[in-house]
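Geometric and topological summary
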Amino acid sequence: MTVIDGKAIAAKLRGEVAVAAAALRARGIAPTLAVVLVGDDPASAVYVRNKTKAAREAGVDVRDHKLPATATQAELLALVGQLSADRDVDGILVQMPLPRGLDADLVIRAIDPAKDVDGLHPANLGYLAQGKPVFVPCTPKGCMRLLREVHCNPAGLRAVVLGRSNLVGRPIALLLQNADATVTVCHSKTKDLAAEVRRADIIVAAIGKPELVKGAWISDGAIVLDVGINRTPDGKLVGDVEFAAAAERARAITPVPGGVGPMTIACLLENTVEACKRRR
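Residues numbered from 1 in each chain as written. Predicted model: local features only at pLDDT ≥ 70, side-chain atom pairs only at ≥ 80, totals over all residues. Heavy atoms only, no water.

**Things to note about the side chain of Q73**
Using the following cut-off: Helix and strand definitions follow DSSP, with helices as H or I runs of at least four residues and strands as E runs of at least two, each counted in order from the N terminus. Each residue gets one of three labels from its accessible area relative to the maximum for its type: buried under 20%, exposed over 50%, partly exposed in between, using a 1.4 Å probe on protein chains only. A contact between two residues is defined here by any heavy atoms of the two lying within 4.5 Å.
Its place among the elements puts Q73 in helix α3 (residues 73–85). With a relative accessible area of 18%, Q73 lands in the buried category. Discounting chain neighbours no more than four positions away, the residues touching Q73 are G101, L102, D103, L106 and V107.

**Here's the deal with a nonpolar patch on the surface**
Rules: Every patch collects residues that have over 30% relative accessible area and no salt bridge, joining them within 9 Å if they carry like charges and within 5 Å if they are nonpolar side chains (Val, Leu, Ile, Met, Phe, Trp, Tyr). All accessible-area figures derive from a Shrake-Rupley calculation using a 1.4 Å probe, and residue coverage is judged against the displayed protein chains alone. Any Lys or Arg side-chain nitrogen located within 4 Å of an Asp or Glu carboxyl oxygen qualifies as a salt bridge.
Taken together, the side chains of M1, V3 and F243 make up a nonpolar region of the molecular surface, amounting to roughly 260 Å² of accessible area. Looking at where F243 falls in the secondary structure, it is placed in helix α9 (residues 243–247). Classification of F243 as partly exposed rests on a relative accessible area of 30%.

**Re the pairing of strand β6 (residues 182–186)**
Stated precisely, the cut-off is as follows: Here, strands pair whenever DSSP counts at least two bridges between them. If you view a crossover with the strands going away from you and the path from the first strand over the helix to the second runs clockwise, you call it right-handed.
Summarising the sheet, strand β5 (residues 158–162) and β6 pair through 5 bridges and their orientation is parallel. What sits directly across from V160, in β6, is T184. Traced from β5 through helix α7 (residues 169–178) to β6, the parallel crossover comes out right-handed.

**Describing the packing of aromatic side chains**
What counts, and what does not: Centres within 6.5 Å make a pair out of two Phe, Tyr or Trp rings, where for Trp the six-membered ring is used; the pair is then stacked when the planes are under 30 degrees apart, edge-to-face when over 60, and tilted otherwise. Only when the NZ atom of a Lys or the CZ atom of an Arg is both within 6 Å of the ring centre and within 35 degrees of the ring normal do we say a charge sits over the ring.
Counted under the stated rule, the structure contains 0 aromatic pairs. Positioned above the aromatic ring of F135, the side-chain terminus of R278 is 5.1 Å from the ring centre.

**Comments concerning the pattern of salt bridges**
Applying the stated criterion across every chain yields a total of 11 salt bridges. For E16, the salt bridge identified is with R145, shortest N-O distance 2.8 Å. Taken together, the residues E16 in helix α1 (residues 6–26) and R145 in helix α6 (residues 138–149) connect sequence positions 129 residues apart. With relative accessibility at 36%, the residue E16 sits in the partly exposed group. Measuring nitrogen to oxygen at the nearest pair gives 3.7 Å for the salt bridge that ties E274 to R278. On the criterion of helical spacing, the pair formed by E274 and R278 is a turn pair, its members being 4 residues apart in helix α10 (residues 261–279). We classify R278 as partly exposed; its relative accessible area is 45%. Overlapping salt bridges, with partners in common, bring together K12, E16, R145 and E149 in one network.

Shown next, in the form of structure tokens:
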């Protein structure tokens, strides 16, 4: 059984991004990511700090834009429009969640699809659905890289995705379909979740419920990617999968923390450098 070291794989990917960024800089081009943070949510501030630090270490310039929690929809849309029009900005990241009263869908649609390094614009999700991806959402993209790192070719395998969010569930299901897996998407209305999981060669859990997936549900030799990150009442971080029991059966499994999570920022940087190459 392999515990998939997301930290090490993310570091490897950030190194690849740094090489690509250095090649652009040698031509006088500085890959640039604009980060927009609205309000003062402590978790969002930490995420933004981590993204900014990783970007600079990989040779990607960062422009931080902070708006107060009192910012209006019009003010936020005006900033996004300004960044979309700025020729020196390659990628735009608007940190979610937004404060109450702001419409995230409107904001995502206002981003130039060529700078949508989060891969959430309807145009980019549409290209992914057509099997012609341009920018892929970062966490699902990271999941596919983790599968490659453990030499898993999804073609012909049965994959079960738990969760159907636009951030993870829907795009990872499309990516797995595009890789020729047979994909089942499970959700709150799925009957007999345990039976669906037992049939899977690949399980991607992104449902946001601590240890919902029991180890006994995992078939021998399956690969488990646990996207969930939940805090228990005693302050411990756990995933959506019962790790210790699942690890006894799985061929490979991601831990929480240190599995899928580190891949998200690395893939954001990869998308930013890719956006820079395409645009310039």
